[in-house]
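# Residue-level structure breakdown
Take a look at the letters that make up each chain.
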Amino acid sequence: MESNLMEAYINKQQETLLDLLEDEQSIKNVVKSIDEEQNYLVCLVACGSSLNAAMAVKPIWEHYTTAEIVVCNAFQFRHYAFKKYQGRKGIAIVISQSGRSTGTLDCIQVARQMGLSVVSLTADATSPIAKAGDSVIDIGCGEEAIGPKTAGYTATLMRLIQIAVAFGEKHASLSRRDHQQLMDTLKKDLNDIQTLILQMKHWVKQHVAWKQAPYITVVGYGQELGTLYEGQLKLLETLRIPVLAYDIEEFTHGPHRLIQSDSFHIFIKTDESGRAMTDAITQFIEGVNRNILVLTVFEPHSKYELTIQCQGQLSKAIKFVIPFQVLANELALLTGFNPDTSVYPEFFSKLRTKTT
Ligand SMILES: O=P(O)(O)OC[C@H]1O[C@](O)(CO)[C@@H](O)[C@@H]1O
């Protein structure tokens, strides 16, 4: 029995992602219709967790396409991108899980004035953002009726990964066989999401002191920066305490002073260049407190480490965010706060950043 809606959304991710993986045709049709040239521009435009998803997949896009990939939040895009990119050939992929963020919607008109064609990526085919695009890709997760998004975030990631890989196949940087292999590995990697969720819930039960965290730092590097920002957003949306995300080396230039007897620290340790620095910092923190969690692709070599199994590169963005989602919901529930609750119900209508 699930305690709240957020838990239900977290739990439905494995099934949704595996279903999305089987549904590639709509993506291929849209990608086929895009007529890209040399020096092609792809702007990924979004707000909040949709922006974090764009950030998390940028390295995958850069790996499989030759396009210039620009990730831009909606405000920056509307007010500052025009001069820089006007006249360039390309597309804007306008991402909004609800399809109702007004700033993101306005970006569609700006993109057209810049000469870009627009692909809308949304979970609501009847939304203003779906209607305004030249073409629409359904995120396929249905409505997520609470503030802190989880299912919509990973479904967005999956769609953006599928589009990047479809571009790769179209331009023969990926053979059909390589494409199939990539997708088969991704499928295997996604098959144990539910186990990862249970593992994380077990971890929370053994670390209930984390519910008292006055603040948390989240540190990582390389391709995992988008995941870091999403992890930060999830924790602060539910726990409503400061959560600060830093690149590994940046953490050593000032933010290290946040290491105190009652501070809490999460690290993402992958097979890129920051591994040794992560080990050095966690060893240092251990001299001050024991409130450390290291999410890693490696076998655990200390009691702080929790291994996330990823055979392929495509699944990392999806799987590394799951522990943050579970932590965010379970710790908030332990504090007595249900993250399903709308904290300021009148906020969006007053600020007009979302239509109803
Ligand atoms: O993807 P959308 O629907 O445009 O929403 C952007 C952000 O707005 C929120 O719905 C509320 O701030 C977040 O949950 C989400 O990340």
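The protein is annotated in an unreviewed UniProt entry as Glucosamine--fructose-6-phosphate aminotransferase from Pullulanibacillus camelliae.

Turning next to the packing of aromatic side chains. The tally for this structure, following the rule as stated, stands at 6 aromatic pairs. With a centroid separation of 5.7 Å and 80° between ring planes, the pair formed by Phe347 and Phe348 is classed as edge-to-face. For Phe347, a relative accessible area of 41% corresponds to the partly exposed category. Grouped by ring-pair contacts, the aromatic residues Trp203, Trp210 and Phe264 constitute a single cluster. The lysine or arginine in question, Arg240, covers the ring of Phe337, its NZ or CZ lying 3.6 Å from the ring centre. Seen from the ring of Phe298, Arg275 lies directly overhead, with NZ or CZ sitting 3.5 Å from the centre.

This part is about the site of the ligand. Near the ligand, the surroundings consist of Cys47, Gly48, Ser49, Ser50, Ser96, Gln97, Ser98, Ser101, Gly147, Lys149, Phe348 and Lys354. Within the side chain of Ser50, an N or O atom sits 2.5 Å from an oxygen atom of the ligand. Among the detected pockets, the ligand sits in the largest pocket. Among the elements that line the shell around the ligand, the one with the most residues is helix α3 (residues 48-64), at 3 residues.

Moving on, we come to the environment of Thr122. The residue Thr122 is located in strand β4 (residues 117-122) in this model. Of the residues examined, Thr122 reaches a relative accessible area of 1% and is grouped as buried. A sequence separation of 66 residues divides Thr122 from Lys188, and the C-alpha atoms of the two residues are 26 Å apart. Among the polar contacts made by the side chain of Thr122, one reaches the main-chain carbonyl oxygen of Ser96 at a distance of 2.9 Å.

Basis of the calculations
Residues numbered from 1 in each chain as written. Predicted model: local features only at pLDDT ≥ 70, side-chain atom pairs only at ≥ 80, totals over all residues. Heavy atoms only, no water. Phe/Tyr/Trp six-rings, centres within 6.5 Å; stacked < 30°, edge-to-face > 60°. Buried < 20%, exposed > 50% of the residue type's maximum accessible area, 1.4 Å probe, protein only. Lys NZ or Arg CZ within 6 Å of the ring centre and 35° of its normal. Near = heavy atom within 4 Å. Polar contact = N/O pair within 3.5 Å; in protein donor to acceptor, adjacent residues only side chain to side chain. 1 Å grid on protein atoms, 1.4 Å probe; cavity = no way out; pocket = protein on both sides within 12 Å on 5 of 7 lines; lining within 4 Å. Sits in = over half its atoms within 2 Å of the grid points. Helix = DSSP H or I, 4+ residues; strand = E, 2+ residues; numbered from the N terminus.

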